[in-house]
Amino acid sequence: MPDPATQMWPMGDTLPQEPLPTEIDAEKLKAAVNAAFQPVEGLTAAFVVTWKGRLIAERYAEGVTAQTPLESWSMGKSVTAALFGILVKDGVYELGQPAPIPEWQTPGDPRAKIRIADLLHMSSGLRIRAPQDPDYDPSGPYPDHVYLYTGGINSFHYAATRPLQWPPNTVGRYRNTDPVLINYLIRLGVEKRGDEYLSFPQRALFDKLGMHTMVIETDPFGNFLGQGYEVASGRDWARLGNLYLQGGVWNGERILPDGYTTFVSTLAPAWAADNRPIYGAFFWLNGDGQYPVPRDAYYMAGAGGQTTLIIPSHDLVVVRLGHYRGAFYAASGFDKALALLIEAVPKAKKAQR
């Protein structure tokens, strides 16, 4: 890609010089940015706001710039959703098909009934120990959910060899097996059609959006740990958020299949059955009003308060990145910032989904 310093936003880092549109309340916008960095114990590192795709506000902590890659943790699951969506658009996979995991192809294996959509919905039914499970006991054995990051194993094979705990699409649980297996399918699909796997995210997604800083780590076997081992700048997360806000279209090119952004931002059936309106397909939903923004909002989320929030009703994408140990303190300031942003910009005439 060209040097981003020589290109206009969003493909580059040069911003327009004209003043803010008159329909934006500049004072409330400024107050929102200030609120995002309070209290100081929240250790917020980056705060980026776009409206209708235009970058209208940003601020960074000392030592951090618009190009600094920052920890994001499980926001990577939403990157995985985008990479898989590209393969769906290309006809490699269908959301409703049984997931063609090689380890599940023995006749009579009950896991063969798990659909791709079940994995994306975090409702495969596979059994692992995860810290967000209601019955999780921190004094018990080391959780598989974390072991999939730290074990020095072939993460794809490990996830594929976990047994079923429940029938697919009946119980929603936030477990790393499911995004790891979607990443497994990405590698299988890319290599089956003869493409180079390790450069696929850059070629198929990052270059197209002008994302220069995103790096996804791998396990020792060269498998992307896209469930949450990636770093990127606040601006690059805003770019990815705008791809979803714009219905999967970028600069006139359809990157994600038609209807895919609606799919990821719609409540997963197994989570609805459990009366938890908070999860779609590798995206969290504002269905319980966790954030002081309209319920149509959906977001990428990672440990430590990492958030890329997409608010279709107000044409907003809001990115907050910070250091893990400050997450507890940062929540109040972020909530205040969001409430001010909703007041600062007009409601969208027609929200895109």
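Details of the structure are given in the entry above.
About the criteria used
Residues numbered from 1 in each chain as written. Predicted model: local features only at pLDDT ≥ 70, side-chain atom pairs only at ≥ 80, totals over all residues. Heavy atoms only, no water. Pairing = 2+ DSSP bridges. Helix = DSSP H or I, 4+ residues; strand = E, 2+ residues; numbered from the N terminus. Expected span 1.5 Å × (residues − 1). Buried < 20%, exposed > 50% of the residue type's maximum accessible area, 1.4 Å probe, protein only. Core = buried A, V, L, I, M, F, W, Y, C linked by side-chain atoms within 4.5 Å. Contact = heavy atoms within 4.5 Å. Phe/Tyr/Trp six-rings, centres within 6.5 Å; stacked < 30°, edge-to-face > 60°. Axes fitted to C-alpha atoms, helices over the stretch in contact; angles between N-to-C directions. Parallel < 35°, antiparallel > 145°, perpendicular 65-115°, else oblique. Left-handed = near helix turned anticlockwise from the far one by under 90°. Nonpolar A, V, L, I, M, F, W, Y, C, P; charged D, E, K, R; others polar. 1 Å grid on protein atoms, 1.4 Å probe; cavity = no way out; pocket = protein on both sides within 12 Å on 5 of 7 lines; lining within 4 Å. Points joined across faces, edges and corners; volume = space filled by probe spheres on them.

Trainee: Break down the sheet that holds strand β5 (residues 230-232) for me, with residues and values.
Mentor: Overall, antiparallel pairing links the three strands, which are arranged β3-β5-β4 in an open sheet. The open sheet has two edge strands with one neighbour each: β3 (70-71) and β4 (215-216). In terms of strand pairing, β4 meets β5 through two bridges, oriented antiparallel. Of the residues in β5, the one forming a bridge with Val-215 is Val-231.

Trainee: Which residues make up helix α11 (residues 327-344), and what values go with them?
Mentor: Between its terminal C-alpha atoms α11 stretches 25 Å, which fits the 26 Å expected from 18 residues at 1.5 Å a residue. Every buried residue belonging to α11 is among Ala-330, Gly-333, Phe-334, Ala-337, Leu-338, Leu-340, Leu-341, Ile-342 and Ala-344, and all of these are buried.

Trainee: Quick one: what's the story with the nonpolar core, residue by residue and with numbers?
Mentor: Across soluble globular proteins, nonpolar side chains show a tendency to be buried alongside one another. Phe-47, Phe-84, Leu-205, Trp-237, Leu-240, Tyr-244 and Val-318 are the most contacted members of the largest nonpolar core, which has 110 residues in total. The element best represented in this core is helix α2 (residues 76-89), accounting for eight residues. Leaving out residues up to four positions away in the same chain, Trp-237 has contacts with Ser-72, Met-75, Gly-76, Val-79, Met-214, Glu-230, Ala-232, Met-300, Thr-308, Val-319 and Leu-321.

Trainee: An account of the packing of aromatic side chains is requested, with residue identities and associated values reported.
Mentor: The way to describe two aromatic rings as a pair is by their centre distance and the angle between their planes. Counted by the stated rule, this structure contains 19 aromatic pairs. Consider the rings of Tyr-279 and Trp-284, whose centres lie 4.8 Å apart with planes at 85°: the pair is edge-to-face. As far as burial versus exposure is concerned, Tyr-279 and Trp-284 are alike and both buried. Ring geometry for Phe-328 versus Tyr-329: centroids 5.4 Å apart, planes at 85°, classification edge-to-face.

Trainee: Which residues make up the packing of α2 against helix α8 (residues 234-245), and what values do they have?
Mentor: It is the contact of α2 with α8, at a shortest axis distance of 11 Å, that shows an interaxial angle of 50°. What the angle tells us is that α2 and α8 run oblique. Of the two possible hands of crossing, α2 and α8 adopt the one that is left-handed. Each of Gly-76, Ser-78, Val-79, Ala-81 and Ala-82 in α2 lies in contact with α8, whose residues at this interface are Trp-237, Leu-240 and Tyr-244. The residue makeup of the contact of α2 with α8, split by class, is six nonpolar, two polar and no charged.

Trainee: Quick rundown of the layout of surface pockets? Include the residues and the values.
Mentor: Here the largest pocket defines a volume of roughly 640 Å³. Surrounding the largest pocket, 31 residues form its lining, Ala-301, Gly-302, Ala-303, Gly-304 and Gly-305 being those nearest its centre. When residues of the lining of the largest pocket are traced back to their parent elements, those giving at least two are α4 (144-150), β8 (284-285), β9 (298-302), β10 (306-311) and α11. Looking at the lining of the largest pocket element by element, the count peaks at five residues for α11.

Trainee: Help me get a handle on the environment of Pro-138, residues and values and all.
Mentor: Here Pro-138 is to be found in the loop between α3 (116-120) and α4. Overall, Pro-138 belongs to the exposed group, its relative accessible area being 65%. Along the chain, Pro-138 and Pro-294 lie 156 residues apart, while their C-alpha atoms are 35 Å from each other.

Trainee: Go over the pairing of β10 with me, naming the residues and quoting the values.
Mentor: For β10, a buried count of six out of six residues is recorded, marking the element as mostly surrounded by other parts of the structure. Taking the residues that link successive antiparallel strands as the turn, the β9-β10 hairpin has three residues, and the phi of Gly-304 there is positive, at about 85°. With five bridges joining them, β10 and strand β11 (residues 316-322) adopt antiparallel strand pairing. Across the sheet, the residue bridging to Thr-308 is Val-319, located in β11.

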